Amino acid sequence: NLPFSATEEKVRDVFAKHGVVHSVSLVNDRATERFRAFGFVEIDDDALVNMLKLDGKAFDGRPMRVSEAPEEASDVGES
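These numbers were taken from a predicted model, which means no experiment stands behind them.

1. Some remarks on unusual backbone geometry
- Of note, the phi angle at Glu33 is positive, near 65 degrees, even though the residue is not glycine.
- With respect to the helices, strands and loops of the structure, Glu33 is situated in the loop between β1 (21–28) and β2 (35–43).

Structure (structure tokens):
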């Protein structure tokens, strides 16, 4: 539930305040190539509790929904 103004850099900056960010992958619609307002942030396991505290916090005026993704869901952006 990210704002459409989100970029990988902005998302990295928000999450990096709470732990080590290894990667950010924002998801685009395959047909339109438009940002789908969600993505994946890969972090250290010990930072998970801190990251989950961002759930509901505003990001460019839109409340984020932050949750732990199932392992297979993080493969969506990979080719």
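2. Notes on the pairing of β2
- Of the pairings in the sheet, the one linking β1 to β2 comprises 6 bridges and is antiparallel in character. Counterpart to Leu26 in the pairing with β2 is Gly39.

3. So, the packing of aromatic side chains
- In this structure the tally under the stated criterion is 2 aromatic pairs.
- Ring centres 6.2 Å apart and planes at 85 degrees place the aromatic pair Phe4 and Phe35 in the edge-to-face group. Here Phe35 lies in strand β2 and Phe4 lies in the segment before α1 (8–16), a separation of 31 residues in the sequence.
- Residue class for Phe4 comes out exposed when judged on its relative accessible area of 55%.
- Classification of Phe35 by relative accessible area gives buried; the value is 14%.
- Taking 6.2 Å as the distance between ring centres and 80 degrees as the angle between the ring planes, the aromatic pair formed by Phe38 and Phe40 counts as edge-to-face.

4. A look at the nonpolar core
- Of all hydrophobic cores here, the largest spans 16 residues; its most connected members are Leu2, Val11, Phe15, Met51 and Met64.
- Going through the elements one at a time, α1, β1 and β2 are the ones with two or more residues in this core.
- Val11 has contacts with Leu2, Ala6, Val24, Leu26, Val41 and Phe59, leaving out every residue within four places of it along the chain.

5. Focus on the confidence of the model for the chain
- Per-residue confidence for the chain averages 88 on the pLDDT scale, and 90% of its residues sit at or above 70.
- When mean pLDDT is compared element by element in the chain, β1 scores highest at 95, while helix α2 (residues 48–52) scores lowest at 90.

6. Side note on the pattern of salt bridges
- Scanning all chains against the criterion turns up 1 salt bridge.
- When the shortest N-O distance is used, the salt bridge between Asp60 and Lys10 registers 3.7 Å. Of this pair, Asp60 sits in the loop between β3 (58–59) and β4 (62–63) while Lys10 sits in helix α1, placing them 50 residues apart in sequence.
- Assessed through its relative accessible area of 37%, Lys10 is described here as partly exposed.

Conventions we followed
One numbering rule holds for all chains: residues counted from 1, following each sequence as written. Only residues with pLDDT of at least 70 are given local features in this predicted model, and only at 80 or more are side-chain atom pairs given and counted; all residues enter the totals for whole chains, interfaces and linings. Values reported for side chains reflect all heavy atoms of the structure, with hydrogen atoms and water molecules removed beforehand. Labels follow the DSSP assignment, with helices taken as runs of H or I lasting at least four residues and strands as runs of E lasting at least two, numbered in each case from the N terminus. Between any two strands, at least two bridges found by DSSP are needed for them to pair. Note on ring pairs: Phe, Tyr and Trp rings are taken, using the six-membered ring of Trp, and paired if centres are within 6.5 Å. Classes follow the plane angle, with under 30 degrees stacked, over 60 edge-to-face and the rest tilted. Think of it in three bands: residues with accessible area under 20% of the maximum for their type are buried, residues over 50% are exposed, and the middle band is partly exposed, with areas taken using a 1.4 Å probe on protein chains only. For this analysis, a nonpolar core means a set of buried residues of the types Ala, Val, Leu, Ile, Met, Phe, Trp, Tyr and Cys, connected via side-chain atoms within 4.5 Å. Any two residues having at least one pair of non-hydrogen atoms within 4.5 Å are treated as being in contact. As a per-residue quantity, pLDDT reports the predictor's confidence and falls between 0 and 100. Salt bridges are defined as contacts in which a side-chain nitrogen from Lys or Arg sits within 4 Å of a carboxyl oxygen from Asp or Glu.

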